[in-house]
Amino acid sequence: MLTVPAYSTIGIPLIPRPMPPAAAKTACATVLCADLHGYDRLAEQLPPSLVASMLGAYFAILTDTVLEYGGMVFHLAEADMMAGFGVGDTRHTQIHEALTAARTIQQRFAPVRSSWRKEHAVVAGVGLGIHRGEVAVGTFRPSEHTALTLVGDAAHVAAQLCRRARAGEVLLTAAVHLAHRCSWRTVGAVEPMALMHLPPLKLRGRKAPIDVWCAPAARRLRMGTRH
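Residues numbered from 1 in each chain as written. Predicted model: local features only at pLDDT ≥ 70, side-chain atom pairs only at ≥ 80, totals over all residues. Heavy atoms only, no water.

Caption draft 1: Here's a closer look at the packing of helix 2 (residues 48-68) against helix 3 (residues 95-120). Where helix 2 meets helix 3, the closest approach of the two axes is 9 Å, and the angle between their N-to-C directions is 165°. For the element pair helix 2 / helix 3, the angle class is roughly antiparallel. Considering the relative orientation of helix 2 and helix 3, their crossing is right-handed. The segment helix 2 lies against helix 3, with Leu 50, Met 54, Tyr 58, Ile 61, Leu 62, Thr 65 and Glu 68 engaging Ala 101, Thr 104, Ile 105, Arg 108, Phe 109, Val 112, Trp 116 and His 120. Considered class by class, the residues forming the contact of helix 2 with helix 3 number 10 nonpolar, 3 polar and 2 charged. (Axes fitted to C-alpha atoms, helices over the stretch in contact; angles between N-to-C directions. Helix = DSSP H or I, 4+ residues; strand = E, 2+ residues; numbered from the N terminus. Parallel < 35°, antiparallel > 145°, perpendicular 65-115°, else oblique. Left-handed = near helix turned anticlockwise from the far one by under 90°. Contact = heavy atoms within 4.5 Å. Nonpolar A, V, L, I, M, F, W, Y, C, P; charged D, E, K, R; others polar.)

Structure below.
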């Protein structure tokens, strides 16, 4: 299994551990990506200091939940997050943990979303995407800082899915869905997560559509559409 740093709730290495070399290592990972829908309007309407405070609450939910379920935060940028589960572990995909984390994020963000709408007239929501596949775990070193990230088609697909998900939804690929259905009994779940099979989805830059499943929002949100 790859050796990677533990992350705090703001995505900064907390515990010094051996870092991989500058050359990227190839591994399998379950990639969870998040996108804050409505961020553009939020940033336009509100003072930057208030936006920073609101993003702090948003990222705290994301990162705390990822860490709680055994994942690692690899990337935080403006309103996006990329996390990895079971990175480099050939025995445990941690797909169930990633799905549980995704569902928990949506549950924990719901009251925050409601307060934003009530206090600031801002309509926002989180879109989440999950895919598992081969990635390169690479380090990028501008000046004295080192950034560890996941690169490859699996990360790219998860990132696109979170943007295509409607607010409150989790989109996942067929590979993740199949693994979830096959393994839910072994992890003590009462029942597999309720998922809807969507029509094939065409993602930017990919030749063929992909098979996608959706964990729908707890309630229908009039926000965002699929193209």
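Next comes the rest of the write-up.
Caption draft 2: Representation of the pattern of salt bridges in the model. Using the criterion set out here, one finds 3 salt bridges in the structure. With a shortest N-O distance of 3.1 Å, Arg 163 and Asp 80 are connected by a salt bridge. Taken as a pair, Arg 163 in helix 4 (residues 153-164) and Asp 80 in strand 3 (residues 80-85) lie far apart in primary sequence, 83 residues in all. Residue classification places Arg 163 among the partly exposed residues on the basis of a relative accessible area of 45%. A salt bridge links Asp 153 to Arg 206, with the nearest nitrogen and oxygen atoms 2.6 Å apart. Of the two residues, Asp 153 sits in helix 4 while Arg 206 sits in the loop between strand 7 (196-197) and strand 8 (212-215), which places them 53 residues apart along the sequence. Classification of Asp 153 by relative accessible area gives partly exposed; the value is 39%. (Salt bridge = Lys/Arg side-chain N within 4 Å of Asp/Glu carboxyl O. Buried < 20%, exposed > 50% of the residue type's maximum accessible area, 1.4 Å probe, protein only.)

Caption draft 3: Structural detail: the packing of aromatic side chains. Using the criterion set out here, one finds 3 aromatic pairs in the structure. Measuring from ring centre to ring centre gives 4.9 Å for Tyr 58 and Phe 59, while their planes differ by 50°; the resulting arrangement is tilted. We classify Tyr 58 as buried; its relative accessible area is 0%. Here Phe 59 falls in the buried class, since its relative accessible area comes to 13%. Ring pairs connect the aromatic residues Tyr 58, Phe 59, Phe 109 and Trp 116, which therefore count as one cluster. (Phe/Tyr/Trp six-rings, centres within 6.5 Å; stacked < 30°, edge-to-face > 60°.)

Caption draft 4: How the structure looks around helix 3. Compared with an ideal rise of 1.5 Å per residue, which puts 26 residues at 38 Å, helix 3 spans 36 Å between its outermost C-alpha atoms and is within 8% of the ideal. The principal kink in helix 3, of about 35°, is found at Phe 109, preceding the proline Pro 111 by one to four residues. At the C-terminal side of helix 3, Ala 121 shows a positive phi close to 55°. (Expected span 1.5 Å × (residues − 1). Bend = angle between axes of the 7 residues up to and from the residue.)

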